[in-house]
Amino acid sequence: MGKKIKTVCKYQKDDLLTVEITDIGNDGEGIGKVDGYTLFIKDAVIGDKVSAKIMKAKKNYAYAHLEKVLEPSVHRQEARCPIARQCGGCQLQNMTYERQLEFKQNKVRNNIVRLGGFDESFIDSIMEPIIGMEEPWRYRNKAQYPIGTGKNGKPVAGYYAGRTHSIIPVDDCFIGVEENKEILNVVLAHMEKHGIAAYDEAAGKGLVRHVLIRKGFTSGQIMVCLVINYRGKAVGNSNEFIAAQNELVKKLQNINGMTSISVSINTDKTNVIMGTEIHTIWGKDTISDTLCGLEFEISPLSFYQVNPKQAQRLYEQAITYAGLTGNETVWDLYCGIGTISLAMAKTAGKVYGVEIIPDAIEDAKRNAKRNGLDNAEFFCGKAEEVLPEFYERLSKEAKSEGTIAESGMSGEEDNVKAIHPDVIVVDPPRKGCDEKCLETMLKMSPDRIVYVSCDSATLARDLRILADGGYALNKIRACDMFSWSGHVETVVALNRDHLGTGLVGH
Ligand code: SAH
């Protein structure tokens, strides 16, 4: 009993194989076959002929390390970043941008077909071309650099090497803004000059943990927030500390666009980056930016889209799919700081937003006010709880309406529209929508559903549920928000299938 049968693998660890890459995996890795045995090879590009060393062998497949490109693919290009392979950030820097877009388009299509069980030619007929970036570099408006101590004892800023806690120094990250480098150089030189220690995770000692940098792309405003392991004035020579701080502020102030400099206090032994206590030490508490014609104020702790240009294009697509004409009632589930809700509120009658994080809801309410939109209402809680509760309560009220007939028709009409809206938009995190949420959406029976997704596998699963519940897929469009990574966003338009087109579920 319990005797383990040893699996005999065709190949073993450290075997060196020559293989042609014929496919691309979910995260952008190369896939090739040797005598029917599948190899997954990170950094290998479709069309390459490579030699690869097996790292982990299973019965039918193995993970292998790319040793050498023997014949490069036409889709291969030199990675722009010298540390692209070590740093966990980009997975596709070796692939041309055009091929990357094709990969993402296919990934969405194949997931919807295979995991959602939809007809291939039907999906091909409703899928629009992916929205690629005009400029795939320097698109991120936010960077959080961990600060550590390099081998030579000097402070370094960089990235955690994929899934580890060791910092790889970064000179310049090409997906971030150019100012990042300048700001980091100032901070690191200042630390070195004053002997200010970087935080040491293992010991829980040292001062500077992270540097957060944000830039408003439309406003040009820049924010720097130093996350420090320091509380109170009694530690060390406080006069010296303050003098050093003033010197640092002076240097940072000179950087073009500098608007806000702050410190965030984080003395916990945790891998959460930001502490909740923030002190502005120079300039404003926030920077501002414009997205979808709305002004947003961003604090170090606020949520905000990291690729605002593409976010705007994705949301414009969602608005088009929502088919707003001026008086519709819309629910925006998983609304974050209300970007989609408010963009839609400009052309809808009434918008209800639901979001689980209280701070985000506070931001959403403030953003509504700042932009003069009084037709948006926000609820804090889980979509799968808020929506069913709201639906049950208002349905009951609607049933007993006879007894409250005089309370005003318009209020009742609003209630009916709230539980049977024109449009429901969802933009859930990677795990997709909760079943209870989807179930309630079906009961509310909106004319249209717009599904914005950052994971096409869970999207496919949820589309199947909505299709089985009577909704027809109308249009699908992928959007690239994170070039050089395997991630892809998608927006899908669904219609209640009143006509019984028969397309549902096919
Ligand atoms: N539409 C938003 C971003 C959506 S990201 C924007 O435009 O900025 C997904 C959001 O869903 C996050 O803000 C996350 O906090 C929230 N969330 C996660 N689980 C949730 C749940 N069960 N119910 C409601 N919101 C949830």
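Computed from a predicted structure; not experimentally measured.

Draft legend 1. Summary view of the pairing of strand β3 (residues 37-41). β3 sits mainly inside the fold: 4 of its 5 residues count as buried. Pairing of strand β2 (residues 30-34) with β3 involves 5 bridges; the strand directions are antiparallel. By the bridge assignment, Gly30 is partnered in β3 with Ile41. Joining the antiparallel neighbours β2 and β3 is a turn of 2 residues, in which Asp35 adopts a positive phi near 50 degrees. Looking at chain direction, β3 and strand β5 (residues 61-71) are connected through 4 bridges and run parallel. Its bridge partner lying in β5, Leu39 is registered against Ala62.

Draft legend 2. Expanded view of empty space enclosed by the protein. The final tally for this structure, using the stated rule, is 2 cavities of 30 Å³ or more. Approximately 40 Å³ is the volume attributed to the second largest cavity. Tallied by class, the residues present in the lining of the second largest cavity amount to 4 nonpolar, 3 polar and 1 charged.

Draft legend 3. Geometry of the domain arrangement of the chain. Examined at the domain level, the chain breaks down into domain 1 (16-76), domain 2 (94-139 + 307-395 + 411-506) and domain 3 (142-291). Averaged C-alpha coordinates put domain 2 and domain 3 at centres separated by 36 Å. Contacts between domain 2 and domain 3 engage 7 residues on the former and 10 residues on the latter. Taking both partners together, domain 2 and domain 3 bury about 840 Å²; carbon and sulfur atoms supply 63% of that area. The largest per-residue losses of area from domain 2 upon contact with domain 3 belong to Arg138, Tyr139 and Pro308, which jointly make up 71% of the total buried on that side. Inspection of the region where domain 2 meets domain 3 yields 2 salt bridges. The partner of Arg138 in a salt bridge is Glu178, with the nearest N and O atoms 3.7 Å apart. Counting the contacts that link domain 2 with domain 3 gives 5 residue pairs in polar contact (both at pLDDT 80 or more). In terms of residue class, the side of domain 2 that touches domain 3 is built from 4 nonpolar, 2 polar and 1 charged.

Definitions and limits used
- Residues numbered from 1 in each chain as written.
- Predicted model: local features only at pLDDT ≥ 70, side-chain atom pairs only at ≥ 80, totals over all residues.
- Heavy atoms only, no water.
- Buried < 20%, exposed > 50% of the residue type's maximum accessible area, 1.4 Å probe, protein only.
- Helix = DSSP H or I, 4+ residues; strand = E, 2+ residues; numbered from the N terminus.
- Pairing = 2+ DSSP bridges.
- 1 Å grid on protein atoms, 1.4 Å probe; cavity = no way out; pocket = protein on both sides within 12 Å on 5 of 7 lines; lining within 4 Å.
- Points joined across faces, edges and corners; volume = space filled by probe spheres on them.
- Nonpolar A, V, L, I, M, F, W, Y, C, P; charged D, E, K, R; others polar.
- Domains from an automatic or database assignment.
- Contact = heavy atoms within 4.5 Å.
- Buried area = accessible area lost by both parts, 1.4 Å probe.
- Salt bridge = Lys/Arg side-chain N within 4 Å of Asp/Glu carboxyl O.
- Polar contact = N/O pair within 3.5 Å; in protein donor to acceptor, adjacent residues only side chain to side chain.

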